[in-house]
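Structural description and commentary
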Amino acid sequence: MNYQELIESCYAFIKGIEPVGKVASYIPELSKTDPNMFGVHLLTTSNENFYLGYNEIDFSVQSIVKVLALTYALEIEQENVWKRVNMEPSGNPFNSVVQLEYECGVPRNPFINAGAIVICDILYSHLNNPAKDFLKFVKKLCQNNNISYNAKIAKSEKKHGYRNYALANFMKSFGNIKNDIDEVMDFYFLICSLELSCKDLANSFILFANSGKLLSGERIISKSKSKRINAIMQTCGFYDEAGLFSYRVGLPGKSGVGGGIIAVHPGLYSIAVWSPRLNDKGNSYLGLKFLEEFTTLSGASIF
């Protein structure tokens, strides 16, 4: 498979599409992002790299980080994680309060905001220095010691995070948040502000294409956990557009309102795409188009 040729063909295809969507503005600091940026990076399980555009420019990964937070939490609490968060698609927007009322404060899955807040609460209970320890974990995954949080974005999210605080308080009323809400929310906003490049994302997610191991051979999670996290990405990784992504792209993946998308083909590669203009579901408009074209031209998905 000539991945570089595929990437260039897909880029030529999306260049002919009129830009649609807007940069996320409900987090004011994100609205400063240049909407015309585009980058892609593909890493194979045989350690080959293929890329185009701004593949090494850092951007706010936002909800993509929730996959890595879940991975860390599963290593700490194992299957006990699923006593506090479910693994079902929500069918609702990522910040919806509705289902929590009917499901007694237990979030549908770990990738919607409520679920990620519970995961942060779990990590906060176990880590000596949650912000520092989590960053160290991600640095190991992406093989880059220079990554960091963006304090301005975290502050901006906190200032306008009324709905997220509502989710946390509601779950606290059911006993599903164990720590101080302000401390948990500060940690949540901070990890969502993490800035990575497409190259960093491809590196950090290659373990889900490589049966739970980094390309160095170091095992991060078991093969079984890798399979299960891929399954949750497949069914829950794109808010209330997960079914459409499965239909059009056919790969496990996760999106973020910073405009990034990471996708994984188990056994073959991880691929990260960044284009900040979002559709009305909060997913990168051109990122989705690119990946759809990519799996169409390659003729390969997990199905």
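Up top is the structure these notes are about.
Residues numbered from 1 in each chain as written. Predicted model: local features only at pLDDT ≥ 70, side-chain atom pairs only at ≥ 80, totals over all residues. Heavy atoms only, no water.

The next point concerns the packing of aromatic side chains. Here the structure, examined in full by the defined rule, presents 18 aromatic pairs. Ring geometry for Y72 versus F137: centroids 4.3 Å apart, planes at 15°, classification stacked. With a gap of 65 residues between them, Y72 in helix α2 (residues 65-77) and F137 in helix α5 (residues 130-142) connect regions that are remote in the sequence. The buried category is assigned to Y72, whose relative accessible area is 17%. (Phe/Tyr/Trp six-rings, centres within 6.5 Å; stacked < 30°, edge-to-face > 60°. Helix = DSSP H or I, 4+ residues; strand = E, 2+ residues; numbered from the N terminus. Buried < 20%, exposed > 50% of the residue type's maximum accessible area, 1.4 Å probe, protein only.)

This part covers the pairing of strand β7 (residues 269-274). With six of six residues buried, β7 lies mostly within the body of the structure. Every second residue of β7 is oriented toward a common face, with Y269, I271 and V273 on one face and S270, A272 and W274 on the other, all of them buried. Here strand β1 (residues 39-44) pairs with β7 via six bridges, running antiparallel. Bridged to H41 within β7 is A272. (Pairing = 2+ DSSP bridges.)

With that settled, consider the state of the cysteines. Under the criterion given, the structure shown has zero disulfides. As a non-bridged cysteine, C120 has C192 as the owner of its nearest cysteine sulfur, 6.7 Å distant. Take C120: its relative accessible area is 0%, and that puts it in the buried class. Counting only cysteine sulfurs, C142 is the nearest neighbor of C198, a cysteine outside any disulfide, at a range of 13 Å. (Disulfide = S-S within 2.5 Å.)

What follows covers the environment of Y54. Secondary-structure assignment places Y54 in the loop between β2 (49-53) and β3 (59-60). For Y54, a relative accessible area of 44% corresponds to the partly exposed category. Sequence separation of Y54 and F38 is 16 residues, and the distance between their C-alpha atoms is 5.8 Å. Y54 has contacts with M37, F38, G39 and W274, leaving out every residue within four places of it along the chain. (Contact = heavy atoms within 4.5 Å.)

Counting buried residues along β1, six of its six residues qualify, which places the element largely inside the surrounding structure. Alignment of β1 against β2, held across five bridges, turns out to be antiparallel. Within β2, the residue paired with G39 across the bridge is G53. Between β1 and β2, which follow one another and run antiparallel, lie four residues, and N47 among them has a positive phi close to 65°.

Once that is clear, we can look at the sheet that holds β1. With respect to topology, five strands assemble into an open sheet ordered β2-β1-β7-β6-β5, the strand pairing being antiparallel. Among the strands making up the open sheet, the edge pair consists of β2 and β5 (253-255). Strand-to-strand twist across the sheet, computed as the mean angle between neighbouring axes with direction ignored, equals 5°. Across the sheet, helix α1 (residues 3-15) touches β1, β2 and β7, and the angle it forms with β2 is around 20°. (Axes fitted to C-alpha atoms, helices over the stretch in contact; angles between N-to-C directions.)

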